[in-house]
Structure formats: C-alpha cells, structure tokens
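Residue strings, one per chain:
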Amino acid sequence: MDVRDKLSVLADAAKYDASCASSGSKTTRPGSTIGSTEGMGICHSYTPDGRCVSLLKILLTNYCIYDCQYCVNRISSDTPRARFTVDEVVSLTMEFYKRNYIEGLFLSSGIIQTSDYTMEQLISVAKKLRTEQRYGGYIHLKTIPNASQSLIEEAGLWADRLSVNIELPTEGDLYKLAPEKKKPQIEGAMAGIRNKIDETKQEQKAGFKPPRFTPAGQSTQMIVGATDTPDVEVLKTASQLYSLQNLRRVYYSAYSPIPHADARLPGQSPPLVREHRLYQADWLIRFYGFDASEIVAEADQNLSLDIDPKLAWALANRHYFPVDVNKASREELLRVPGIGARNVKRILNIRRFQSLDSGDMKKLRVAWNRAKFFVLTADHNPALLNLDKLDLRAKAKPKTKQLLLFDAASSALSGEV
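Residues numbered from 1 in each chain as written. Predicted model: local features only at pLDDT ≥ 70, side-chain atom pairs only at ≥ 80, totals over all residues. Heavy atoms only, no water.

**Regarding the pattern of salt bridges**
Point 1. Scanning the entire structure with this criterion turns up 16 salt bridges.
Point 2. With a closest N to O distance of 3.4 Å, Asp198 and Arg194 form a salt bridge. Placement of both Asp198 and Arg194 in helix H6 (residues 183-205) is noted, with a separation of 4 residues, approximately one turn of the helix.
Point 3. Residue class for Asp198 comes out partly exposed when judged on its relative accessible area of 25%.
Point 4. Ionic pairing is found between Arg286 and Asp282, a salt bridge with its closest N-O pair at 3.3 Å. Of this pair, Arg286 and Asp282 both sit in helix H8 (residues 272-287), 4 residues apart, which is roughly one turn of the helix.
Point 5. Relative accessible area serves as the criterion here: at 2%, Asp282 is assigned to the buried category.
Point 6. By sharing partners, the salt bridges in this structure join Arg130, Asp160 and Arg212 into a single network. (Salt bridge = Lys/Arg side-chain N within 4 Å of Asp/Glu carboxyl O. Helix = DSSP H or I, 4+ residues; strand = E, 2+ residues; numbered from the N terminus. Buried < 20%, exposed > 50% of the residue type's maximum accessible area, 1.4 Å probe, protein only.)

This is the structure:
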C-alpha cells in the first residue's frame, strides 16, 4: 500500500472514536483541494471557548490482537488492514499542517505484538514531532490498554491530552464483550495520569518548573447500546469517573453494527437522540448539581427520548416547584427547565437591584415556554395553574422543529437545557 491507501483505510477505521466531532463542513468548490477541510482523516473538535479546530484523526494501525466483539478492528474481523510507520505519521502530520489542513493530531491504534510495544510506537510519533520537527501544535494520544505506567507517563510529556477508554459502562459488559480488558486496570491507568497531573500542578504552585504533562487533561469514551445496560448505569459510571479521575470529558458513542458481529450484539444502532440525551444529562451532572441516580426519571431507567433530562426530572418532581426567581438560591434556579447556568448568574445579579417579572425573564431569553410552568415571578404568571395538571408534559414539551446551524452551536457551547 502507498501512504494514500493507508490513509484511506486508517482514517476510516478511526471514525468510530468519538473523542472529536465532525463539523460537517463542505467545500463550495468541487475539485479543489487547497483549503479543503473534508479530506481523509480530517475531523473537527471544539475548544472550551468554542473555537473549531481541525485534527488529523487516524490509527497507527488497525491490526489488533484483541477480540473485542463490538470493534470492527478485532482480530476475528475480515476488515482490510493497514499500518503506518512512525515516520509516515510524522510526515503526514507535518505536510497537512504546513498546508493549513489541520491544527493538530489525534492518534490511536489497534494493539500489535504487545500493549507496551504499541504504546512505544505512539510515543515515538509524538516525540519525533516535538523534538525533530519542532511541532508545537495539539497532540491527542490514545493510551493502549494494559500499557505500563512508565510509558503512559512518558506519553504525557509529549501529548497535550491523553485518553484511556473505559469502553463499556460496567465490568460485566467488559467481561462479556471484551474479556481482555479489565475495568480495574483501565481505572488504574486513569488514576496514574491524574496523580501525575496533580503532582505537576503542585510543583508549579511551589515555584518549580516541571515538564508539561498533558496540559489539556484526560478524557474517555463509552460505547452505548452494545449491551442492555440502562442509561442510569451509564451516568453513574461517568459521574464516578468525573469525581475520582477528574476527567475533562466523557464521550458517549452510539454502538454501530459491524459485519459478522457476535450474536450477543444488537442488530441495529440505538437512536442517536439517546446519545444526545446522555450528553445533556452529563452536562447536568457536571455543571448543574444533579446526581446521576436522580436524573433518570423513567421506569425503565433510561432517559426519555422525547424531552430533555431536566424537564423530565421537573415533571417527576413537581413538589419542588414553583421556584421564586426573586428569592430562590442558585442551586434551586439551576433546576428550573429552560433556565441555563448563564441566565441563573444574570438573575442573581439583576434581582439585587429590582424584582424580575415574566417580561424580564423573556428579555433574558430564557426558554420561557418551558420555564413558565415552574417559576413564580413578580407579576401574575397564569401558566403556573398547569403545574398540577395531568397534561403538563404535553404542554411543556417543545414543539418539533428543524434546528438551524447556529441554534445547535449555541446549545453546544452553553449547555443550557
């Protein structure tokens, strides 16, 4: 294979990793290549300030000695195989970067020979980029399951972010579909990265200048829908990882059916809206003070697909409402459907000088069609009469509409639900 053929195979194999998202950008000049951002291996991710960055997203190889049943690259799969050399990945990254196609590298790999050997190959790519090519851009490395802690720590010296994939929500799921991977070992690798990050920060606070170690933190990915594990268990696992391992992000990836799959796997993907609801619930856990066990209000322990998690929780806990916007605490306001974290901050500031009525709430651009059923304002709010009615869910449920690009972008940045 030449490098272009390898790129076609290994960029396609990397698409199953959810740690960066496509922006869906399209070229307006068919046949043009310079300036195109939709070539093989190019994906898009977003910085905390909302800036979109292009990444070269590839696998070093899709050969793998493991037989994880949900993975298209498992050893028993008949998918086409390819392998880059270290120098080929370095060259590709630099050539793409010089042409302004990308701003960073996202590199993962199947496992060849041993976990440590594969991890050494990934480290070699990052090290060569930093030392020989003087490359200062973003590098995200996926750590290899069961690799030694010393190699993971070395990877953190060259990479901006490391990822250790938890893969599946429970230990039982791993035992059934990926018996070579053990949850204690995965969490042990995460703990090692966290300890090293904390150690680096402590040395910096003490006035020392230690080498940079994964300044962008660590993340993980969880496959959803490959087993019948309900959403409440998915969220509990994510919540534990946030609190114990101080992760920057947990990415949720809807299971995608693969050829010649094991009979224990479902024949179709879960609805993509389930993935979306999990991200909304994840935001509630991280920034709104919700506990994982209380978010899921449905009897089957899965998130509702037709309404967002905060509205579902409010409908199941009507005794909590109404909340007085002029007297309630920050924590109480954060639980009102339709009022996001930024507007809670604005409400707390404004009410120091004046009382807020329904007109003020609309001027703040809260989602008044949802919030009005759950709040007391300085003026008369007739929508509160519906709080105890059986048809409240139908009235509060947002009407189906086609979102515009900028609506979706605003929601993604603010997380307001």
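**Some points on the confidence of the model for the protein chain**
Point 1. The predicted model of the protein chain has a mean per-residue pLDDT of 86, with 88% of residues at 70 or higher.
Point 2. This model gives residues 21-39 a pLDDT under 50, and the stretch forms 19 contacts once residues within four places in sequence are excluded. (pLDDT = per-residue confidence, 0-100. Contact = heavy atoms within 4.5 Å.)

**Concerning empty space enclosed by the protein**
Point 1. One pass over the full model with this rule turns up 1 cavity of 30 Å³ or more.
Point 2. Of the volumes computed, that of the largest cavity is approximately 40 Å³.
Point 3. Taken together, Leu168, Pro169, Ile223, Val224, Gly225, Ala226, Thr227, Thr229, Val234 and Arg274 form the lining of the largest cavity. (1 Å grid on protein atoms, 1.4 Å probe; cavity = no way out; pocket = protein on both sides within 12 Å on 5 of 7 lines; lining within 4 Å. Points joined across faces, edges and corners; volume = space filled by probe spheres on them.)

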